[in-house]
Structure formats: structure tokens, C-alpha cells
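Observations on the model geometry
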Amino acid sequence: MSDGLGEGGDGRRRPRCSRSSGVAVLSGPGKRASPKAAGANTPHDGQARVLPSAWTSLDTAGSMQEAQDALETYRKKDPNKVVVRFKAVGNAPIMKQNFYKITASNRFQAVIQFLRKELGWKAGDPLFTYINLAFSPAPDDTVTNLFKSFATDGHLIVNYSTTAAWG
Amino acid sequence: MSTYAPRHTPSAFSTPASTTLFRRLTWEGTVPLEVRVDAKELPANSDRGLECYYMQAPRVSYLPLLVPEIKRFLMDVVFDEAAARVIKEEDWWFESEEGSLLKWHWSIGLIYDNHTITASLRNNSSSSQITPLRLVLHLASPPTDKLLLSPSTDACKQAFMGQLKEADFMRWGSTKRMTGLRKAEQDGLWEGIKEHNFDEYWRVAAKVTPTTTPTRSTSPPPPPSSASMHTRPPSADPGSTAAPDRDGAYSVRSVPVRIYLPDGPVLQDLVPPVLEDGTVHTLAKFLATHLPLLFPPGKPPLAYALVQGVHAPPDAEMAWLGACMPSADGWVNVCVGILRDARVGRF
């Protein structure tokens, strides 16, 4: 199957850019075996087929609206706060106050900026942060997700350091 | 890579053929991309009729890794020598055609599925057509405040390794399996992605990714559709003389899973492989727990779930998904879309 990272020189380098042109070869989602589940023994034949009834919906307009409403509900930001405990690593200074309540819907990036402010460090100063002395989360991971996954004793431990420790 | 574990060896290091099959299918999945340079940024004297580049990109790869191939095309076909001299690919960044900044630390497959679902919802169009994802490539002034991290391949690698460690911690409550790898092995994971080499990646990944175990019998395991494999973890088999598979997919503390809703948010929580009542944690139960408004228990669902672009069946087991269809960074990405009508698109 093509992987898109081939060496080139195969004539693909001069495509016409036209909105009406289709894409020639697609090995996208449609053409692969499905994971077989317990009790499902219909052979996969690589062609279009109707999903098992568990996935089909019946009342179209009403259910679309209900679904949109559901999405709106899930998009609402959680106003609750969770407890974050900052722990210094190595030579990093220990703060007077280590436990803070952080809004659950904040991204981890906001926690890093908050910590930087509390420490009085500037944007260019090296600051490395970890969860449970183990890994660095992506800056756009939310505090609520990290809390639900990794909290211990009711708080989320965020370690901070001036040098890369577990990077 | 198809070996069945003899009973006395730890089965974490042997992979059933079915697991390998799905890992290879996931690895070889690709999505169509259309990459177009922002017209305002094309250097003067560029050949403007040809600034679009079509490619099939691996689902498990990342946008910054596509830059060399795109750059070769643009250098050959679009830019003249003067322009070529001032190209700084570390300043390149991507937007969707609707103008939203693309997260380069998301795998390409995730970007594609999430975008397809979101766009079809906004345009109220059918999502059963496979169309190229249109990307706008900018050559300068990356919005570093919104990007949060610089889009260099080094930063991409760091983010990737971070996600692998986070997944490791989700599974076991520690990262010692990842940190126990030698540096060369850790680098080998990223090299496998860069070179798109299945064997190079999985040679190392198999050490840290749990597998599903074959059933305890001397004959080859039954196909995954057999009920016996899915309703009783091997350790529950009273006749088994093998040790329970402590490193197996059903022994993890939590499967690393994230849910992506159209236009956000991203949800993450603990996903035990077996529930408190002893039943196996299936996708249906998982979705009913976390998105009960879209998957109301006992009623027809309003939505569906894509994993690696495939409509995952409701009775797929979370532990199995974690072993067989994670992204290269270790995470099972569940993209939720809204069902449109009773006739559903291609499986």
C-alpha cells in the first residue's frame, strides 16, 4: 500500500491542481478488515455494507437536534476547580504555598504559566514540568483530563525543575 | 512476527497473528491530503499553476514529517532559485481550509478523522465520501502563541515520546517500561515513524505495548470472533496451568484512550479493561458511560465511533483496541461523529 513518504520521481510531482479532479488512489478507511467482535462472524467482503443495527439511527431530524444539544452540553467548560500540588525537583525553589485550586477546564499550558508567575520567572527561563515525576503532558491537555487519569490522594502532582529530568 | 506463546514464557513478548495483523493494517492506513501553499505567500516568479501537491500520508505519521517531501516538490516544481534560497522550513505551518490551525502533535489520521467529522457536521453533508483533506501551507510567521510549541521535528519527537510515556503511565501507574528501554531503542521508535518502517517501530513498541494473549490450548487460537476469547480472560480459566498474563492487555490499570468530539472537547479518563462487575469493558459500555447523551443505554445511539478511520463495532473490547489499534504514540483515539440517517456509509 502506498505510504505517501516514498522517494518520489514517480510522476506524482506535477499534479494538476483542479477542484474537479478526483484523487486517483484512495486506500482510506473504507477498504480494510473490521475488527471482529464476539459473535460477529459475517465475512468482510471489502464492499459497502450496512452497519449493524446498534449503530443505525431512526428518527432523523429529531435525533440530529438531540445530538447537537448533547454536543453543546459536552462543550460546556467545567467551572469546578481541582487541587494541584506543585513539588520542586532538584535545585528548583520551593514555594511557600504548594497546593492550589486550578480550574478544571484549563489547559496544562495555563498551569505552566501560572507556575512561572508564582515563581517570578520570565518567559525565557528554563522551566520543566512533569506529572508524578514521570512524564510531561502536551500543553493542550486539560487539567480535568490529567486529574481524572493521574490524581493521587485527591490532588494532581505537578513537579517542576530548572533542568530536563524525565524528558 | 506470528508466534504463539508456549505456556512457560511470558506472553508479553510474543504476539498473536491477529494482533500483528491489525497493527499492520493500522500502520499501513493512509489518508489523502491536498497541500496548497497560501497564494499570498508564494514567492514571486513561482509557477502558480502547480502549487498543489496531492499525497497519501500514513495515518500514524505527523505533519512535520511530511515537510521534506513537500519541500522537494515545491523546490522542483514551484520555486525558482531565488525563492529556494530563502525557504526556512522551520517556519512552515499548516491550516485547514476553514482557517483553523492544525495541531502538529496530533497524528495525521486523527487530524483527518476529526476534521472529516467536524466538517460534515458543519456543512450538514454526508461523511461517507472519502475526500482529500485540504491543507493550506504557510511558509512564514508561525503563530507561536497559539501553537504552544515550535513545529520543528525535534519538538515533534519530544512530544511523541511524552505521549508514549503518558500512555505507559496510564497502563501501569509508572513509566518504567518506557524508561527501561535503551536510548537507541527509544530513538528507534521515532526513527520507525520517520522512515515509516513497521518492523523498526514495532521491534521496540512490542516491548511496551501489551498484547492480547492466545487461549490456553495447544491448537492455534480461534479467530477473534470466538466468544471464548473475549468473555474470559485466560487467568479465569480454571484448567489453565499458565501464569496469569501480568503484562497482558487485560491486566493494565487503564487502557490509554481519548475521545474526540467534533469541535471539541477532548476527553480522557481511566478505562479499566475489566469492569467492577467482572465483565469485559466494551466500546459500547465505555461510550454509554462517558457520553450517555449520545449513547443512551438501551436506546438507539445518536452517534458513532471511528477508530483509525474504521467504524468500530460496539462490542469491540477496550483492551483489544489498546493492543491492536492504538496510534503510534500508544493512544486509542476514538473520534465520535453524529449519525445522519438509517442508511449509513461504508464500513
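These numbers were taken from a predicted model, which means no experiment stands behind them.

**A look at the side chain of S105(A)**
- When you line up the elements, S105(A) lands in the loop between strand 2 (99-103) and helix 2 (108-119).
- Non-local contacts of S105(A), meaning those with residues more than four positions away in its chain, are made with K77(A), D78(A) and T142(A).

**Brief notes about the confidence of the model for chain B**
All names here are of chain B.
- Averaged over every residue, the pLDDT of chain B is 83; the share at 70 or more is 83%.
- Confidence, read as mean pLDDT per element, is least for helix 10 (residues 227-231) in chain B (44) and greatest for strand 5 (residues 257-260) (98).
- Scored below 50 in pLDDT, residues 226-243 shows 23 contacts in the model against residues more than four places distant or in partner chains.
- Both scores are given for the predicted complex: the pTM is 0.80, the ipTM 0.83.

**Some remarks on the environment of P142(B)**
- Mapped onto the elements, P142(B) comes out in the loop between strand 4 (133-138) and helix 5 (144-147).
- Once the C-alpha coordinates of P142(B) and F94(B) are considered, the two residues, 48 residues apart in sequence, prove to be 9.0 Å apart.

**Digging into the sheet that holds strand 7 (residues 303-307) of chain B**
- Pairing is mixed across the open sheet formed by five strands, whose spatial order is 6-5-9-7-8 (chain B). Of all strands in the sheet, those bounded by a partner on one side alone are strand 6 (266-268) and strand 8 (310-311) of chain B.

**Some remarks on the packing of aromatic side chains**
- For the structure on display, the rule yields 16 aromatic pairs over all chains.
- Judged by centre distance (5.0 Å) and plane angle (80°), the rings of Y100(A) and F114(A) are edge-to-face. Here F114(A) lies in helix 2 and Y100(A) lies in strand 2, a separation of 14 residues in the sequence.
- Y100(A) sits in the buried class, given a relative accessible area of 16%.
- Classification of F114(A) as partly exposed rests on a relative accessible area of 22%.
- A centroid spacing of 5.9 Å and a plane angle of 55° characterise the contact between F135(A) and F169(B), whose relative ring orientation is tilted. Of this pair, F135(A) sits in the loop between strand 3 (128-131) and helix 3 (143-150) while F169(B) sits in helix 6 (residues 153-172), on two different chains. Assigned by exposure class, F135(A) and F169(B) land together as buried.
- Taken together, W27(B), F198(B), Y201(B) and W202(B) form an aromatic cluster joined through their ring pairs.
- Sitting above the plane of the W172(B) ring, R177(B) keeps its charged end 4.0 Å from the centroid.
- Above the plane of the ring of W331(B) lies R258(B), whose end atom (NZ or CZ) is 3.7 Å from the centre.

**Re the UniProt feature "domain: Autophagy protein ATG5 UblB" (unreviewed entry) in chain B**
- Feature annotation in UniProt places "domain: Autophagy protein ATG5 UblB" (unreviewed entry) on residues 255-336 of chain B, given in this structure's numbering.
- The annotated region residues 255-336 of chain B carries 18% helix and 23% strand content, and the separation between its end C-alpha atoms amounts to 18 Å.

**Focus on helix 1 (residues 17-28) of chain B**
All names here are of chain B.
- Here helix 1 spans 16 Å end to end across twelve residues, near enough to the 16 Å set by a 1.5 Å rise per residue.
- Within helix 1, the full set of buried residues consists of T19, T20, F22, R23, L25, T26 and W27.
- Packed against the buried residues of helix 1 are helix 8 (183-194), helix 9 (198-208) and helix 12 (318-324).

**Thoughts on the environment of P296(B)**
Residues and elements named next belong to chain B.
- Tracing the chain through its elements places P296 in the loop between helix 11 (283-290) and strand 7.
- By relative accessible area, which is 14% here, P296 ends up buried.
- Sequence spacing of P296 and A284 is twelve residues, and the spatial spacing of their C-alpha atoms is 9.9 Å.

**As for the sheet that holds strand 3 of chain A**
Residue and element names in this part refer to chain A.
- Read from one edge of the open sheet, four strands run 2-1-4-3, paired in mixed fashion. Bordering the open sheet on either side are strand 2 and strand 3, each of which pairs with just one other strand. Between one strand axis and the next, the sheet turns by 35° as a mean value, whatever way the strands run.
- Where strand 1 (residues 81-88) lies against strand 4 (residues 156-161), five bridges are found, and the strand directions are parallel. Directly across from F86, in strand 4, lies its bridge partner V158.

**Quick word on the domain arrangement of chain B**
Residue and element names in this part refer to chain B.
- Once the domains are mapped, chain B shows domain 1 (27-150) and domain 2 (155-343).
- Each partner contributes residues to the interface: domain 1 has 25 residues there, and domain 2 has 31 residues.
- Here domain 1 and domain 2 share an interface that buries about 2,300 Å² over both sides, 67% of which is from carbon and sulfur atoms.
- Our enumeration of links across domain 1 and domain 2 arrives at one salt bridge.
- Put simply, R122 and D263 hold a salt bridge, and the shortest N to O gap is 2.9 Å.
- Counting every contact that joins domain 1 to domain 2 gives four residue pairs in polar contact (both at pLDDT 80 or more).

Parameters and conventions
Residue positions within a chain follow its written sequence, with the count starting from 1. Chains and ligands are labelled sequentially in the order written, the chains with letters from A and the ligands with numbers from 1. It should be noted that, the model being predicted, local features are given only for residues of pLDDT at least 70 and side-chain atom pairs only at 80 or more, the latter also being counted only at that level, while totals for whole chains, interfaces and linings use all residues. Side-chain calculation: all heavy atoms of the structure are included, whereas hydrogens and water are not. Here a helix means four or more residues in a row that DSSP labels H or I, a strand means two or more in a row labelled E, and each is numbered from the N terminus. Any two residues whose heavy atoms approach within 4.5 Å at even a single point are treated as in contact. Per residue, pLDDT captures the predictor's confidence, and it can take any value from 0 to 100. Pairing between two strands requires that DSSP report at least two bridges joining them. Pairing of aromatic rings covers Phe, Tyr and the six-membered ring of Trp, with a centre-to-centre limit of 6.5 Å; geometry is then stacked below 30 degrees between planes, edge-to-face above 60, and tilted otherwise. To sort residues, take the accessible area from a 1.4 Å probe on protein chains only and compare it with the maximum for the residue type: under 20% means buried, over 50% means exposed, and anything in between is partly exposed. The criterion for a charge sitting over a ring is simple: Lys NZ or Arg CZ within 6 Å of the ring centre, and within 35 degrees of the ring normal. UniProt positions are given in the numbering used here, feature names are shortened, and annotations may be inferred rather than shown by experiment. One less than the number of residues in a helix, times 1.5 Å, gives the span that helix is expected to have. Only the stretch in contact is used when fitting a helix axis, every axis being a line fitted to C-alpha atoms; angles between N-to-C directions are given from 0 to 180 degrees. Start and end points for every domain follow an automatic or database-based domain assignment. By buried area we mean how much accessible surface two parts lose on assembly, using a 1.4 Å probe and totalling the loss over both. The term salt bridge refers to a side-chain nitrogen of Lys or Arg lying within 4 Å of a carboxyl oxygen of Asp or Glu. Two N or O atoms form a polar contact when they lie within 3.5 Å of each other; inside protein one atom must be a possible hydrogen donor and the other a possible acceptor, and for residues adjacent in sequence the pair counts only when both atoms belong to side chains.

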